[in-house]
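Listed here are the chains, written in short residue letters.
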Amino acid sequence: MKGNLKLLFCALTGLSLTGFVYVAFTSHWMKLLYNRPNMFDSQGNFLHMSPWLAPIVREGTFNPTLIDAIYKKKNITIATTVFALGKYTQFLKDFLESAELNYFVGFCVHYYVFTDLPENVPEVKLGEDHHLTVMKVASSNRWQEISLSRMERLEKLIESRLINEADYIFSLDVDSKFYGRWGVESLGRLVGAIHPWYYNTHHEWFPYERRPESQAYIPYSKGDYYYGGAVIGGSVKDVYQLAKTCREQLDIDKGNQIEAAWQEESHLNKYFLYNKPSKLLSPEYLWDDRKSKPYEIKIIRFSQVYKNYYKIRPNP
Ligand code: UD2
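A short tour of the structure in this document, coming up. (Residues numbered from 1 in each chain as written. Predicted model: local features only at pLDDT ≥ 70, side-chain atom pairs only at ≥ 80, totals over all residues. Heavy atoms only, no water.)

**With respect to the site of the ligand**
Here is step 1 of the chain: Neighbouring residues of the ligand: 24 residues in total, closest Phe83, Tyr88, Asp175, Gln263 and Tyr309.
Here is step 2 of the chain: At 2.5 Å from an oxygen atom of the ligand is found a main-chain nitrogen or oxygen belonging to phenylalanine 83.
Here is step 3 of the chain: Separating an oxygen atom of the ligand from a side-chain N or O atom of arginine 150 is a distance of 3.2 Å.
Here is step 4 of the chain: Protein chains shield 97% of the accessible area of the ligand, which is 730 Å² for the free molecule. (Near = heavy atom within 4 Å. Polar contact = N/O pair within 3.5 Å; in protein donor to acceptor, adjacent residues only side chain to side chain. Areas by Shrake-Rupley, 256 points an atom, 1.4 Å probe, with all protein chains shown as cover.)

This is the structure:
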């Protein structure tokens, strides 16, 4: 569209130029058709890159000694949020103890534990330059609400303090355990983890939100990968944008009395469809203890532990 016409269009529609660029860009993404990516090549080998050139991190794709040395010079802080409300406080001990053996060892880490039961946060001996702050929050009697509220809490925490206190951030599910190294190879501008149950599943089986009434809607013809809500990461600034956008979309859904199929995970998947992650973590970084280790997964680094949903959730 020529300059004058563009201005006329903006004046007529009341859009600012920035708004125009945004609408043009968004509709470009919406219309963009491309072959949906797989995790494997035609020989059945794991791909190293997404089609937008985001590395897919897994064993053998990086040299830990080299990458540690590069990041050591940067003097970075990695904030890590973890939510443990109600009976989920029972997972904290294993989560933190196993993190201390495997998670960013030798780097500055600050855990922020959100809980309604601060007295149940276990004493865990932290390594050098590892810190923990307990954030007291109100209890909830709906697990969906706890899961949903994580985006808003992440947004507020970044806004109020992390923007000046940390370089990178990860938000991790507490009902999990570290079994292997998780280090600086996982850092990037915007980081998503491929869900362990859907990395070798056909796109149409991905449990995206399929109702157009929800802001998390993804049609059957679209979608790259299925990302797990248990791991969200990136630079503080980029994760702030993600959390804020998802929280806004969640608010719209709430106003329309619709809850996406997999709560904030559905909104995360929608966000990543139009804001592609710059780095992808292979399922090594998000496994599930109930799943046996297949040949193609060389090491399990972080995994969801077995839990009895009926016993630990506040509602069915
Ligand atoms: C999936 C996702 C999870 C989230 C959820 C959305 C994976 C592997 N898991 O897990 O990240 O997107 O779907 O519905 O991607 N929590 C509490 N107290 C409670 C309930 C939940 O603290 O009573 C917190 C806790 O940090 C937990 C997280 O919320 O790790 C997610 O809840 P979940 O593990 O019960 O959800 P799940 O297993 O369906």
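**Some points on the sheet that holds strand β1 (residues 56-57)**
Here is step 1 of the chain: The mixed open sheet is built from 8 strands, whose spatial order is β1-β9-β7-β8-β5-β2-β3-β4. Sheet topology places β1 and β4 (130-136) at the edges, where each strand pairs with a single neighbour.
Here is step 2 of the chain: In the packing of helix α6 (residues 236-255) onto the sheet, the strands contacted are β5 (168-172), β7 (190-194) and β8 (227-235), and the crossing angle to β8 comes to about 135°. (Pairing = 2+ DSSP bridges. Helix = DSSP H or I, 4+ residues; strand = E, 2+ residues; numbered from the N terminus. Contact = heavy atoms within 4.5 Å. Axes fitted to C-alpha atoms, helices over the stretch in contact; angles between N-to-C directions.)

**Observations concerning the packing of helix α5 (residues 143-165) against α6**
Here is step 1 of the chain: With their axes 8 Å apart at the nearest point, α5 and α6 run at an angle of 140° to one another. When the interaxial angle is binned, α5 and α6 end up oblique. Helix-helix and strand crossings are classified by hand; for α5 and α6 the assignment is left-handed. Contacts between α5 and α6 involve Leu148, Met151, Glu152, Leu154, Glu155, Ile158, Glu159, Leu162 and Ile163 from the first element and Val236, Val239, Tyr240, Leu242, Ala243, Lys244, Cys246, Arg247 and Leu250 from the second.
Here is step 2 of the chain: Of the residues belonging to the contact of α5 with α6, the class tally is 13 nonpolar, no polar and 5 charged. (Parallel < 35°, antiparallel > 145°, perpendicular 65-115°, else oblique. Left-handed = near helix turned anticlockwise from the far one by under 90°. Nonpolar A, V, L, I, M, F, W, Y, C, P; charged D, E, K, R; others polar.)

**Looking at the sheet that holds strand β6 (residues 176-178)**
Here is step 1 of the chain: Taken in spatial order, the 3 strands of this open sheet run β6-β11-β10, and their pairing is mixed. What marks the edges here is a single partner per strand, and that holds for β6 and β10 (287-288).
Here is step 2 of the chain: Note that β10 and strand β11 (residues 302-304) share 2 bridges and pair parallel. Looking at β11, one finds that aspartate 288 is bridged to glutamine 304.
Here is step 3 of the chain: Of the strands in this sheet, β6 and β11 touch helix α4 (residues 92-102), which is tilted by about 25° from β6.

**So, the pairing of strand β2 (residues 77-83)**
Within a regular beta strand, the side chains point alternately toward one face of the sheet and then the other, so they alternate between its two faces.
Here is step 1 of the chain: In terms of residue burial, β2 counts as a mostly covered element, since 7 of its 7 residues are buried.
Here is step 2 of the chain: A two-sided burial pattern is seen for β2, the buried positions comprising Thr77, Ala79, Thr81 and Phe83 on one face and Ile78, Thr80 and Val82 on the other.
Here is step 3 of the chain: Sheet topology note: the β2/strand β3 (residues 108-115) ladder contains 7 bridges and is parallel. Counterpart to threonine 81 in the pairing with β3 is tyrosine 112.
Here is step 4 of the chain: Considered for its hand, the β-α-β crossover made up of β2, α4 and β3 is right-handed. (Buried < 20%, exposed > 50% of the residue type's maximum accessible area, 1.4 Å probe, protein only. Right-handed = clockwise from strand over helix to strand, strands pointing away.)

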